[in-house]
Amino acid sequence: MSISPAPAAATGQSGAYATIADVERAAARLKGVAHRTPVLTSRTANALVGASLYFKAENLQRTGAFKFRGAYNAIAALDEAQRKSGVVTYSSGNHAQAIACAGGLLGVPVTVVMPQDAPAIKVAATRGYGGEVVFYDRFSESREEIGQELSDSRRLVLIPPYDHDDVLAGQGTATLELLEDTGPLDRLYVCLGGGGLLAGGLLAASRLAPDCEVIGVEPEAGNDGQQSLRKGEVVTIAVPRTIADGAMTPYLGARTFPIIRERVHDIVTVTDEELVAAMRFFAQRMKLIVEPTGCLAAAAAFAAHDEIAGKRVGVVLSGGNVDLTRFAALVGAD
Ligand SMILES: *Cc1c(COP(=O)(O)O)cnc(C)c1O
């Protein structure tokens, strides 16, 4: 494991970090475009942990994950000339689909740099929305560099999956809606990869539920966020191997970490086994398909029954994109 300073934001963003005003602007742009996903409850889940759990079902969002929010917000914020030349991004899948879908809706051409081992369903979906896919090897090549090269050579605007103010502000609208629907919560669990969903969620909570303890959740195999929080600076780890493919990021963003460091209550981890147990729970009891990464926050809440007993607790289910064969293999094996 190596420790390095925060990588420079590839988009050249600098200056003041995103605020709640950016999240509110994003909410206005997304109105009538993104689904206002339901907040679901389950007596069985409540009984399991002895708390009142509120699940924000972003697995039911357009393109199957919250990423549509940030992608659409970022493309909608571009000027005419930028929209004409088009955008490029890199992603383990959900951001790619989101950018491709949002680009299609806004008439903006999209190029996507994707790992060769990205789930087939995600590659097919990106192409299905009209995106052009360029592959890379996630264990030997840098997706940031390839994205930057394409951006330079084809004059495309780079929209990274998390390290971007308009992206994280868009992601924050999921938490904004959750808190609008539930009122103040005692605690909120949000997963993190690069930290866009968490940073945006923290901004939303700062306005709607300032006393809410917001807990970030990441896979045990890839706890760079937890290490970064303890150390006070961005810690880079080797690409983690976990079933949570949406959280295989080796470091937090230069635009997300400062917001997280300032506002997050804590960052905790869960194991792949706990993710599988949560996937089973959602499928069996709530009739929901939630992808492994999408179960991070819930798995942490399920494990925290002692701490959250009697409390009102929000849980963001971040996405539901998982090949059915992979889903069956994960939930079917004992
Ligand atoms: C991208 C993604 C995450 C991680 O989001 P960040 O903004 O990178 O922290 C979590 N869950 C799902 C389903 C995702 O697609």
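Residues numbered from 1 in each chain as written. Predicted model: local features only at pLDDT ≥ 70, side-chain atom pairs only at ≥ 80, totals over all residues. Heavy atoms only, no water.

Novice: For the packing of helix 12 (residues 272–286) against helix 15 (residues 324–332), give the residues involved together with the corresponding values.
Specialist: Where helix 12 contacts helix 15, the axes come no closer than 9 Å and their chain directions differ by 105 degrees. Here helix 15 runs roughly perpendicular to helix 12, going by the angle between their axes. Where helix 12 abuts helix 15, its residues Val276, Met279, Arg280 and Ala283 lie against Phe327, Leu330 and Val331. Along the lines of polarity and charge, the residues of the contact of helix 12 with helix 15 split into six nonpolar, no polar and one charged. (Axes fitted to C-alpha atoms, helices over the stretch in contact; angles between N-to-C directions. Helix = DSSP H or I, 4+ residues; strand = E, 2+ residues; numbered from the N terminus. Parallel < 35°, antiparallel > 145°, perpendicular 65-115°, else oblique. Contact = heavy atoms within 4.5 Å. Nonpolar A, V, L, I, M, F, W, Y, C, P; charged D, E, K, R; others polar.)

Novice: Give me the sheet that holds strand 6 (residues 157–158): which residues, what numbers.
Specialist: Pairing within the open sheet is parallel, and its four strands lie in the order 5-4-3-6. Edge positions in the open sheet fall to strand 5 (132–136) and strand 6, since each of these has one partner strand only. As judged from the five bridges shared by strand 4 (residues 110–115) and strand 5, these two strands associate in the parallel manner. Bridged to valine 112 within strand 5 is valine 133. Strands in contact with helix 5 (residues 94–106) are strand 3 (87–90) and strand 4; relative to strand 4, the strand with the most contacts, it is inclined by about 170 degrees. (Pairing = 2+ DSSP bridges.)

Novice: Run through the pairing of strand 10 (residues 312–317), naming residues and quoting values.
Specialist: Taken across its six residues, strand 10 has five buried, putting it largely inside the fold. By the bridge criterion, six bridges tie strand 2 (residues 52–57) to strand 10 in an arrangement that is parallel. Along strand 10, the bridge assignment pairs serine 52 with arginine 312. Pairing of strand 7 (residues 187–191) with strand 10, which is carried by three bridges, proceeds in the parallel orientation. For tyrosine 189, the partnering residue across the bridge sits in strand 10 and is valine 315. (Buried < 20%, exposed > 50% of the residue type's maximum accessible area, 1.4 Å probe, protein only.)

Novice: If you had to explain the site of the ligand to someone new, which residues and values would you point to?
Specialist: The ligand sits among 16 residues. The nearest are Lys67, Asn94, Gly193, Gly195 and Ser318. A distance of 2.7 Å separates an oxygen atom of the ligand from a polar atom in the side chain of lysine 67. Separating an oxygen atom of the ligand from a backbone N or O atom of glycine 196 is a distance of 2.9 Å. Contact with the protein chains hides 97% of the accessible area of the ligand, taken as 390 Å² for the molecule alone. Of the residues in the shell around the ligand, the class split is five nonpolar, nine polar and two charged. (Near = heavy atom within 4 Å. Polar contact = N/O pair within 3.5 Å; in protein donor to acceptor, adjacent residues only side chain to side chain. Areas by Shrake-Rupley, 256 points an atom, 1.4 Å probe, with all protein chains shown as cover.)

Novice: Break down the pattern of salt bridges for me, citing the residues and quoting the values.
Specialist: Following the criterion strictly, the structure yields 16 salt bridges and no others. Measuring nitrogen to oxygen at the nearest pair gives 2.9 Å for the salt bridge that ties arginine 36 to glutamate 180. Here glutamate 180 lies in helix 8 (residues 165–182) and arginine 36 lies in the loop between helix 1 (20–30) and strand 1 (39–40), a separation of 144 residues in the sequence. Using a relative accessible area of 46% as the deciding quantity, one classes arginine 36 as partly exposed. In this structure glutamate 180 comes out as partly exposed when scored by relative accessible area, which is 46%. (Salt bridge = Lys/Arg side-chain N within 4 Å of Asp/Glu carboxyl O.)

Novice: Before we move on, could you go through the nonpolar core and cite the residues and values that matter?
Specialist: If you look at the biggest cluster of nonpolar residues, it comprises 74 residues, and the most contacted ones within it are Leu53, Phe55, Tyr189, Phe282, Phe302 and Val315. Setting aside anything within four residues of it in sequence, one finds phenylalanine 302 in contact with Ala45, Leu48, Val49, Leu53, Phe55, Ala278, Phe281 and Phe282. Core analysis: the next-biggest nonpolar cluster, separate from the first, contains 27 residues, Ile75, Ala76, Ile99 and Val108 among them. (Core = buried A, V, L, I, M, F, W, Y, C linked by side-chain atoms within 4.5 Å.)

Novice: Summarise the state of the cysteines; cite the residues concerned and give the values.
Specialist: What the rule picks out here adds up to zero disulfides. Of all cysteine sulfurs, the one in cysteine 191 lies closest to cysteine 295, which takes part in no disulfide; the gap is 9.8 Å. Classification of cysteine 295 by relative accessible area gives buried; the value is 0%. (Disulfide = S-S within 2.5 Å.)

Novice: Describe helix 1, listing the residues and the values that go with them.
Specialist: Restricting attention to buried positions, one finds in helix 1 the residues Ile20, Asp22, Val23, Ala26 and Leu30. Looking straight down helix 1, one finds that the buried residues subtend no more than 155 degrees of arc, so they occupy a single side. Where helix 1 is buried, its residues meet helix 3 (67–76), helix 8 and helix 9 (196–208). Immediately downstream of helix 1, the backbone of glycine 32 shows phi near 80 degrees, a positive value. (Arc of directions from axis to C-beta.)

Novice: Let's hear about the confidence of the model for the protein chain: which residues, and what values?
Specialist: Low pLDDT marks stretches whose predicted atomic positions should not be read closely. The share of residues in the protein chain with pLDDT of 70 or more is 96%, and the mean pLDDT across the chain is 93. Low pLDDT (under 50) marks residues 1–10, which in the prediction has 23 contacts with non-local residues, meaning those over four places away or in another chain. (pLDDT = per-residue confidence, 0-100.)

Novice: Outline the pairing of strand 4, listing residues and values.
Specialist: Burial of strand 4 is extensive: six of the six residues sit out of reach of the surface. Across the two faces of strand 4 the burial is the same, with Val110, Val112 and Met114 and Thr111, Val113 and Pro115 all buried. Across four bridges, the pairing between strand 3 and strand 4 is parallel. In the sheet register, threonine 89 faces strand 4, and the bridge partner there is valine 112.

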